[in-house]
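Chains, contacts and geometry: an overview
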Amino acid sequence: MELLSVVVPCYNEEENVKDFYDELMKTQEYFHSREVEFELIYIDDGSKDNTVVEVHKLIDLDKRVHLVSFSRNFGKEAGIYAGLEHAKGDYVVMMDADLQDPPSLLPTMYEAIKDEGYDSVATRRVNRKGEPPIRSFFARRFYHLINKISKAEIVDGARDYRLMSRRFVDAILSLEEYNRFSKGIFGWVGFSTKWLEYENIERKKGETKWSFWKLFLYALDGIIAFSTVPLAIASIMGVIFCLVAFLLIIFIIVRTLILGDPTSGWPSLVCIISLISGVQLFCLGIVGQYLSKAYLEVKKRPIYLTKEDI
Ligand code: UDP
Ligand code: MG
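Residues numbered from 1 in each chain as written. Chains lettered and ligands numbered in written order. Predicted model: local features only at pLDDT ≥ 70, side-chain atom pairs only at ≥ 80, totals over all residues. Heavy atoms only, no water.

Right, let's talk about the overall build of the chain for a bit. Each helix and strand counted, the chain has 11 helices and eight strands in total. Expected size for 310 residues packed as a compact globule is a radius of gyration near 19 Å; at 25 Å, the chain overshoots this value by more than 25%. Its C-alpha atoms give the chain principal-axis dimensions of about 95 × 40 × 40 Å. Classification of the 310 residues of the chain by burial places 44% in the buried group. Taking as baseline every contact in the chain between residues at least 6 positions apart, the subset at least 24 positions apart corresponds to 82%. Counting only carbon and sulfur atoms, one obtains 63% of the accessible surface of the chain, whose full area is about 16900 Å². (Helix = DSSP H or I, 4+ residues; strand = E, 2+ residues; numbered from the N terminus. Rg over C-alpha atoms; globule rule 2.2 N^0.38 Å. Buried < 20%, exposed > 50% of the residue type's maximum accessible area, 1.4 Å probe, protein only. Contact = heavy atoms within 4.5 Å. Areas by Shrake-Rupley, 256 points an atom, 1.4 Å probe, with all protein chains shown as cover.)

Here is the structure:
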């Protein structure tokens, strides 16, 4: 028998824990026929509702269910990492608890790895149905930008729903960075990936944990984790402003020699000073962003802390 680990990060998902289990078990027959057994790992990301209680109920019913409970909310990225660390399976799949990642796709995904020889099967939604238009707009811009400035391929609409082979999982775990941006890490490690597409499915119960602001910060994290182009932009802007200043100096010297030096032009001076201080602070901010990430990285804090591990 081979083992398939199903990893489910949960943050306040009490309504979905049982539904997810039921939905997943519908694929059980198929997997048994292919001699694959399940291992279901719920990662409780410091939920404040009864998520843990719900998982305990399942553990009492079914020995294949496991729970890793964090000491507080560490974010979904930490949940993904913890899940991959705890998974013992020959195959590991990441799935959201809210059933936006349909378990009915699992057999197709499994066959791509087992029969077609891929190392990972990823999914992307072809549309963003049910999402606020403004969010879709900024999401599109983000994917466009990050693919321009980063070497890792980051696919628009890619979900974290992904089935991976053991060696793919080990490759991901070998990246021990603290600032984890999984969408980038999956692309960075390479191996052959098959993409499956499906229509966006809206969350059945509960509500999304991502506000626009959280997504914006997440996008910045992604850019900083996978590109150093903003640093280059800072340097290039510095060079451009030096050149402009140099030309202005020559212009002013020549003008003074020809026309003398009437004291005027202080409003324009104030404008120039404000503009350049703005640019300086902006560039300093970019450097600061990288520095802060490096600071967190050298501290080598654990990515998550567990309270309970069953
Ligand atoms: N999640 C998590 N920790 C968090 C936020 C979310 O483990 O801090 C889980 C959440 O329980 C869900 C998955 O990540 O299983 C995706 O979250 P959500 O459905 O809110 O995101 P969306 O589908 O709206 O992008
Ligand atoms: Mg969701």
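Take the packing of aromatic side chains next. Applying the stated rule across the entire model yields 19 aromatic pairs. In this structure an aromatic cluster arises from ring pairing among Phe142, Tyr143, Phe181, Trp210, Tyr218 and Phe226. A cation over an aromatic ring shows up here: lysine 214 above the ring of tryptophan 210, its NZ or CZ 5.6 Å from the ring centre. (Phe/Tyr/Trp six-rings, centres within 6.5 Å; stacked < 30°, edge-to-face > 60°. Lys NZ or Arg CZ within 6 Å of the ring centre and 35° of its normal.)

In sheet architecture, strand pairing relies on hydrogen bonds along the backbone and comes in two forms, parallel and antiparallel. If you trace the eight strands from one edge of the open sheet to the other, you get β7-β5-β6-β4-β1-β2-β3-β8, paired in mixed fashion. With one partner strand each, in any of the chains shown, β7 (193-198) and β8 (306-309) form the two edges of the open sheet. Mean inter-strand twist for the sheet, computed between neighbouring axes without regard to direction, equals 20 degrees. As paired strands, strand β4 (residues 91-94) and strand β6 (residues 158-165) are joined by four bridges and run antiparallel to one another. Bridge pairing in β6 links valine 93 to leucine 163. (Pairing = 2+ DSSP bridges. Axes fitted to C-alpha atoms, helices over the stretch in contact; angles between N-to-C directions.)

Here the focus is the pattern of salt bridges. Taken as a whole and assessed by the stated rule, the structure comprises 22 salt bridges. The residue glutamate 116 makes a salt bridge to lysine 194 at a minimum N-O spacing of 3.0 Å. Note that glutamate 116 is positioned in the loop between α5 (106-114) and β5 (120-125) and lysine 194 in strand β7, a separation of 78 residues in sequence. The exposure class of glutamate 116 is partly exposed, given its relative accessible area of 45%. Here aspartate 170 makes a salt bridge to arginine 166, at a shortest N to O gap of 3.1 Å. Taken together, the residues span about one helical turn, with aspartate 170 and arginine 166 both in helix α7 (residues 166-173) at a distance of four residues. What you see here is one network of salt bridges that share partners, running through Lys76, Asp96, Asp101, Arg159, Asp160 and Lys183. (Salt bridge = Lys/Arg side-chain N within 4 Å of Asp/Glu carboxyl O.)

In this section: the coordination of the magnesium ion (ligand 2). Coordination of the magnesium ion (ligand 2) by the protein is provided by Asp98 (OD) and Gln100 (OE1), with metal-donor distances spanning 1.8 to 1.9 Å. Neither aspartate 98 nor glutamine 100 differs from the other in exposure class; each is buried. (Donors = N, O, S within 2.8 Å, 3.2 Å for Na, K, Ca; no water.)

Moving on, we get to the side chain of arginine 180. Along the chain, the position of arginine 180 falls in the loop between α7 and α8 (182-188). Salt bridges are absent for the buried arginine 180, whose nearest opposite-charge side chain, glutamate 77, sits at 5.3 Å. A polar atom in the side chain of arginine 180 sits 3.2 Å from the backbone oxygen of glutamate 177. Other than its neighbours up to four places away in sequence, arginine 180 contacts Glu77, Tyr81, Ile172, Leu175, Ile185 and Ile303. (Lys, Arg positive; Asp, Glu negative; His and termini not counted. Polar contact = N/O pair within 3.5 Å; in protein donor to acceptor, adjacent residues only side chain to side chain.)

One way to put it is that helix α9 (residues 212-226) packs onto helix α11 (residues 266-299) with a least axis distance of 11 Å and a crossing angle of 80 degrees. Judged by the angle between their axes, α9 and α11 are roughly perpendicular. Between α9 and α11, the contacting residues are Asp221, Ile223 and Ile224 on the first element and Gln289, Tyr290 and Lys293 on the second. For the contact of α9 with α11, a count of residues per class yields three nonpolar, one polar and two charged. (Parallel < 35°, antiparallel > 145°, perpendicular 65-115°, else oblique. Nonpolar A, V, L, I, M, F, W, Y, C, P; charged D, E, K, R; others polar.)

Neighbouring residues of ligand 1: 16 residues in total, closest Glu13, Asp45, Asp98, Gln100 and Thr208. The side chain of asparagine 73 places a nitrogen or oxygen atom 3.2 Å from an oxygen atom of ligand 1. In the environment of ligand 1, an oxygen atom lies 2.6 Å from a nitrogen or oxygen atom belonging to the side chain of aspartate 98. Protein contacts shield 89% of the accessible area of ligand 1, which totals 530 Å² for the unbound molecule. Its residues placed into classes, the shell around ligand 1 shows five nonpolar, four polar and seven charged. (Near = heavy atom within 4 Å.)

Next up on the list: the environment of arginine 34. Residue placement: arginine 34 occurs in the loop between α2 (28-33) and β2 (36-44). In this structure arginine 34 comes out as partly exposed when scored by relative accessible area, which is 25%. Residues arginine 34 and proline 107 lie 73 residues apart in sequence; the distance between their C-alpha atoms is 9.8 Å. What arginine 34 contacts, discounting residues up to four positions off in sequence, is Tyr110, Glu111, Lys114 and Asp115.

Turning next to the nonpolar core. Counting residues in each nonpolar core, the largest one holds 37 residues, and the members touching the most others are Phe70, Leu84, Met164, Ile172 and Tyr304. For this core, the secondary-structure elements that each account for two or more residues are β2, β3 (65-70), α4 (76-86), β4, α6 (133-149), α7, α8 and α9. Leaving out residues up to four positions away in the same chain, phenylalanine 70 has contacts with Ile43, Asp44, Asp45, Gly46, Ala78, Gly79, Ala82, Tyr304, Leu305, Thr306 and Lys307. Formed by 36 residues, the second largest nonpolar core is a distinct cluster that contains Phe31, Val52, Met95 and Ala97. (Core = buried A, V, L, I, M, F, W, Y, C linked by side-chain atoms within 4.5 Å.)

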